[in-house]
Amino acid sequence: MNDRGGIAIGKGAVIGSFARIYSHTHSLSDYDRVTLAPTIIGPGARIASHAIVLAGLHIAPGEAVGSFPSDRI
């Protein structure tokens, strides 16, 4: 995780191995121009292994991001 811009993780959220969660981004034309954007993962949300959560996203409570086996949801 990179919490430069702030990352909030709600109670009971599950984050899989190798998930990448960002709270900053940069301009494609000017790599030195960084934008901080807080990222929020709601209570009970599930982030799959190897999933990517980009800066500034707000994952809703109980929402699943990535691929999970259907018998486990």
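Our structure's up above, just so we're on the same page.
As the structure is a computational prediction, the values presented were derived from the model and not from experiment. (Residues numbered from 1 in each chain as written. Predicted model: local features only at pLDDT ≥ 70, side-chain atom pairs only at ≥ 80, totals over all residues. Heavy atoms only, no water.)

Peer 1: I'd like a rundown of the sheet that holds strand β2 (residues 14-15), residues and numbers included.
Peer 2: One open sheet accounts for three strands, arranged β2-β7-β10; its pairing is parallel. Unpaired on one side and paired on the other, β2 and β10 (64-65) mark the two borders of the sheet. (Pairing = 2+ DSSP bridges. Helix = DSSP H or I, 4+ residues; strand = E, 2+ residues; numbered from the N terminus.)

Peer 1: Lay out the nonpolar core with the relevant residues and their values.
Peer 2: Among the nonpolar cores identified, the biggest contains ten residues, and these are A19, I21, I41, A45, I47, A48, A51, V53, I59 and V65. The contacts of I59, once residues within four sequence positions are left out, are I40, I41, G42, A45, I47, V53 and V65. (Core = buried A, V, L, I, M, F, W, Y, C linked by side-chain atoms within 4.5 Å. Buried < 20%, exposed > 50% of the residue type's maximum accessible area, 1.4 Å probe, protein only. Contact = heavy atoms within 4.5 Å.)

Peer 1: Talk me through a nonpolar patch on the surface; I want residue IDs and the actual numbers.
Peer 2: Taken together, the side chains of Y22, I52, L54 and L57 make up a nonpolar region of the molecular surface, amounting to roughly 350 Å² of accessible area. Assignment of secondary structure puts L57 in the loop between β8 (52-53) and β9 (58-59). L57 gets classed as partly exposed once you look at its relative accessible area, which sits at 38%. (Patch = residues over 30% accessible without salt bridge, like charges linked within 9 Å, V, L, I, M, F, W, Y side chains within 5 Å. Areas by Shrake-Rupley, 256 points an atom, 1.4 Å probe, with all protein chains shown as cover. Salt bridge = Lys/Arg side-chain N within 4 Å of Asp/Glu carboxyl O.)

Peer 1: Mind laying out unusual backbone geometry, listing which residues take part and the relevant values?
Peer 2: At F18, a residue that is not glycine, the phi angle is positive and equals roughly 65°. By secondary structure assignment, the location of F18 is in the loop between β2 and β3 (20-21). With a relative accessible area of 62%, F18 lands in the exposed category.

Peer 1: Can you break down the sheet that holds β9 residue by residue, with the values?
Peer 2: Strand order in the open sheet made by the three strands is β1-β6-β9, with parallel pairing throughout. Of all the strands in the sheet, just β1 (7-9) and β9 have a single pairing partner and so form its edges. Examined bridge by bridge, β1 and strand β6 (residues 39-41) share three bridges and lie parallel to one another. Bridge pairing in β6 places A8 opposite I40.

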